[in-house]
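Below, each chain spelled out in residue letters.
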Amino acid sequence: MALQWLGIICFIVLICLCFCQVINRPPSLTKIFEPEYYIQIDHSTPVTVQCEATNGDITYQWRKDNVAVRNSRQVAVDAKLGTITFTRIEYEDYGTYQCFASNQYGTALSPPIKIKEARLGSFPIEPVTQDCTEYQECLIQCRNRPKCEPAAECRVEWKKGPGTDYNVRVSERIAVDGKGNLHILNVKQEDWDGQEYGCGLWNEVTKTFTKGSMTSLNIIKSTPKLIEPKAVYNSVKVKAVLRQSATLQCIFAGSPIPSITWKTPHLDLINFTRSQKYELADYGRKLLVKNITFDDEGYYTCIANNKVQQQSLLNVTSPPYLNPQNKNPQMLDSYVSAGKNAAFYCDVMSVPGEDPPSLPIWKKNGRDIGASQGVEYLVSQDMKELTVLDVMKATSARPGSTGSYQCVSENSEGMIFKDAFLAVIDPIKILLRPEKSYRVDRESLLSLAVDAVTDPALNLRYRWRFTDSNNITINVANSASWMLSNDNKNLTINTQGLDKEEFFRIIGRYTIEVYHSYDAEFVHIDVVTNVLTNVTDPLPPVPQEPPAEANLWFLGIIFGVIILIIVIILIVCMLYHNTCKSGTYPVDEKEVAAGHDPEKELADSGFHDLSRADEDGHKMDNISLSDDFGKQIESDEDSMGEYGGDLDISKFNEDGSFIGIYADKLTHNTKQSTV
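So, a few notes on the structure that sits alongside this text.

Cut-off values and rules
Along each chain, residue indices are assigned from 1 in the same order as the chain's sequence is written. Per-residue local features are limited, in this predicted model, to residues with pLDDT of at least 70; the limit for side-chain atom pairs, both in listing and counting, is 80 or more; totals at the level of whole chains, interfaces and linings are taken over all residues. Each side-chain value is derived from all of the structure's non-hydrogen atoms; neither hydrogens nor water enter the calculation. The criterion for an aromatic pair is that two Phe, Tyr or Trp rings (for Trp, the six-membered ring) have centres within 6.5 Å, with stacked assigned to planes under 30 degrees apart, edge-to-face to planes over 60 apart and tilted to the rest. Put simply, DSSP H or I for four residues or longer makes a helix, DSSP E for two residues or longer makes a strand, and each gets a number counted from the N terminus. The rule is simple: take the accessible area with a 1.4 Å probe, protein chains only, and divide by the maximum for that residue type; under 20% is buried, over 50% is exposed, in between is partly exposed. For a lysine, the NZ atom is tested; for an arginine, the CZ atom; a charge sits over a ring if that atom is within 6 Å of the ring centre and within 35 degrees of the ring normal. When two cysteine sulfur atoms are found within 2.5 Å, that pair is recorded as a disulfide. Points on a 1 Å grid, built from protein atoms alone, make a cavity when a 1.4 Å probe fits but cannot get out and make a pocket when they are open with protein on both sides within 12 Å along at least 5 of 7 lines; residues with an atom within 4 Å of a point are the lining residues. Grid points are joined across faces, edges and corners, and a volume is the space filled by probe spheres set on the points. Charged means Asp, Glu, Lys or Arg here, nonpolar means Ala, Val, Leu, Ile, Met, Phe, Trp, Tyr, Cys or Pro, and polar covers whatever is left, Gly included. What is meant by a nonpolar core is a set of buried Ala, Val, Leu, Ile, Met, Phe, Trp, Tyr and Cys residues, joined one to another through side-chain atoms within 4.5 Å. Every residue pair with non-hydrogen atoms within 4.5 Å of one another is taken to be in contact.

Description of the packing of aromatic side chains
- For the structure shown, the criterion picks out 13 aromatic pairs.
- Taking 5.4 Å as the distance between ring centres and 85 degrees as the angle between the ring planes, the aromatic pair formed by Phe86 and Tyr97 counts as edge-to-face. Of this pair, Phe86 sits in strand 8 (residues 83-86) while Tyr97 sits in strand 9 (residues 95-103), placing them eleven residues apart in sequence. For the residue pair Phe86 and Tyr97, the accessibility class agrees, reading buried in each case.
- Their ring planes at 40 degrees and their centres at 6.0 Å tell us that Phe294 and Tyr321 sit as a pair that is tilted. On the criterion of sequence distance, the pair formed by Phe294 in the loop between strand 25 (286-289) and strand 26 (298-304) and Tyr321 in strand 28 (residues 321-322) is long-range, its members being 27 residues apart.
- The exposure class of Tyr321 is buried, given its relative accessible area of 8%.
- Cluster of aromatic residues (ring-pair linked, three or more members): Tyr335, Phe421 and Tyr518.
- A cation sits over an aromatic face here: Arg63 above Phe100, 3.9 Å from the ring centre.
- Lying across the ring of Tyr515, Arg463 places its NZ or CZ 4.3 Å from the centre.

A look at the state of the cysteines
- Within the structure shown, the criterion is met by six disulfides.
- Shown here is the disulfide that connects Cys132 with Cys138, its sulfur atoms set 1.8 Å apart.
- A relative accessible area of 1% means that Cys132 is categorised as buried.
- Residue classification places Cys138 among the buried residues on the basis of a relative accessible area of 2%.
- For Cys148, the disulfide goes to Cys154, at an S-S distance of 1.7 Å. Because the torsion about its S-S bond is -90 degrees, the bridge between Cys148 and Cys154 counts as left-handed. Each member of the pair, Cys148 as well as Cys154, carries the same accessibility label: buried.
- When the cysteines of the chain that form disulfides are numbered from the N-terminus onward, they connect as 1-2, 3-4, 5-8, 6-7, 9-10, 11-12.

Things to note about empty space enclosed by the protein
- All told, the structure shown has one cavity of 30 Å³ or more when counted by the stated rule.
- Roughly 30 Å³ of internal volume is contained in the largest cavity.
- Surrounding the largest cavity, Lys364, Glu376, Tyr377, Val388, Leu389, Arg398, Gly400, Ser401 and Tyr405 form its lining.
- Of the residues assigned to the lining of the largest cavity, the class counts are four nonpolar, two polar and three charged.

Details of the nonpolar core
- By size, the foremost hydrophobic cluster in this structure holds 24 residues, and its most contacted members are Trp464, Val476, Trp482, Leu491, Ile493 and Tyr510.
- For this core, the secondary structure elements donating two or more residues are strand 40 (445-449), strand 42 (461-467), strand 44 (482-484), strand 45 (490-494), strand 46 (508-515) and strand 47 (520-529).
- Here Ile493 is in contact with Ser444, Leu445, Leu446, Leu448, Ser481, Trp482, Ile506, Tyr510 and Val527, once residues within four sequence places are set aside.
- Val238, Leu242, Val289 and Val351 belong to the second largest nonpolar core, which has 21 residues in total.

Encoded structure:
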């Protein structure tokens, strides 16, 4: 039992939710009406015309010549079903009718429709006799043809004899033209058997038939002979309504009966086996042109045996229609947020060659809006655009902008009547929005959140887009740097762990679109940074595979150590060598440099014992190593003369010996030594 109650409650809640989801809008007509309806006077079978609309609880009203129709013996209306029924209609009941479908938000109107009399008159009784020559063409006219309405529903049927049982059948030799006349294209004796020919009319609406124009034939005998094709009838000018079909007709006589070919206004030969545009009928005498467009207008040529030809003009016409080249949505139902403007377009035009249509007349709920222009409405100068200003929902002070709007125009071929509704909805309101701009670095975690509300009957959706510095816009999707919430209301931007190129790819303008089927609001957020674009990241070390035999870097270190050891050894050896030379004087080198020959002098005179100059009690005489040198060294000072006058005892000799040794000698040895 509890489950049953739970199910009932859920069902009721679901129904309530469904009702809450419906936008308050005017009726929308779903019934397509014919421009004219034909009803026979004093007919016994009721004729009903149905008016249908959607959107809520609707009440219907029918008006004749803009006056509400009241129930009577001849006409009955149903305000709930939207029907109007004609029973035994009288002449005063014919006229122009219009359906008004209303709910609490507006009134939709049907196009005006005309109720006309369907009728079929009678032929006068005037029998005649017609002479016809054998093998020639013979014309039997449908004389005194009565009025038949609607003409499109009337059909000519030729009969033979009394009554209506025996039909004259159309064949290759017998044809009926557009006026109802009968053509025997090649007369034979069998065409007259004593039974009169009668022209009959059938009315499909009234389901009645009448026959008259009785004709007897007098066939004149003739010799068979070849007769060249001869044109006997063509539909000189046929009016065709845009997007409908039309039939052209050509009739030729001759013996034998000629074959017929057709050409388009562009003189192209029609291939009927491949064409979906054209069809042949009545043994090639009729050309059916389907789904007529402007390009179909012109002269069509029919040719008999490639010798004789006729032309029929197809004149394409139409009541006013909406210009298909206009890019604006024309007379379409609109849902507009309160506070905005709503626009309806009615760019009417006529087919080429027709008189232009009248300027559109604008209505709201069936009433002219001319008096409210400039206050609630704005109409363009050419009357083809209606703007509803600052739309609003109904209040106690104003009826609001919601309603049905109509556009009416006409030309010589008829009228256009377009109906569209305007439903005012609650606007989209942004409740939560981010700041206009954020500054980030390469360690940022930024969260952007948006929330909004709108008309309860509509569901809001959210969509993020990103535009970079090159003005390239993409849709935001989950990635390493972007994370969207399930409802798309939140976007998290994570710059952590991004390299420089990835980081700058997410710097730019973020736009969130908050929208439903009828409106949208946009929020823009600029994400900027102080990080310089010309600062490059250090390149990460590139791992290298070591050689198969040894590590090159290790060999380099060993080689460098060896070179360092060799350099150290060389420095030590040089220092040691210089130390060994210190305190000696290179006599041999000096003597040779002075032009002496020490070896020869030693051989000639040998060595002499000399005492050291620096020993106590001994004095050394400075003599030449050669007696024949002839020059005595007067003092030690003279032997040091090569060093100049003043000695710098802190310097070394050019061979590395220390000059200070000789300076001591110069100081202590003041006496000259002689040999």
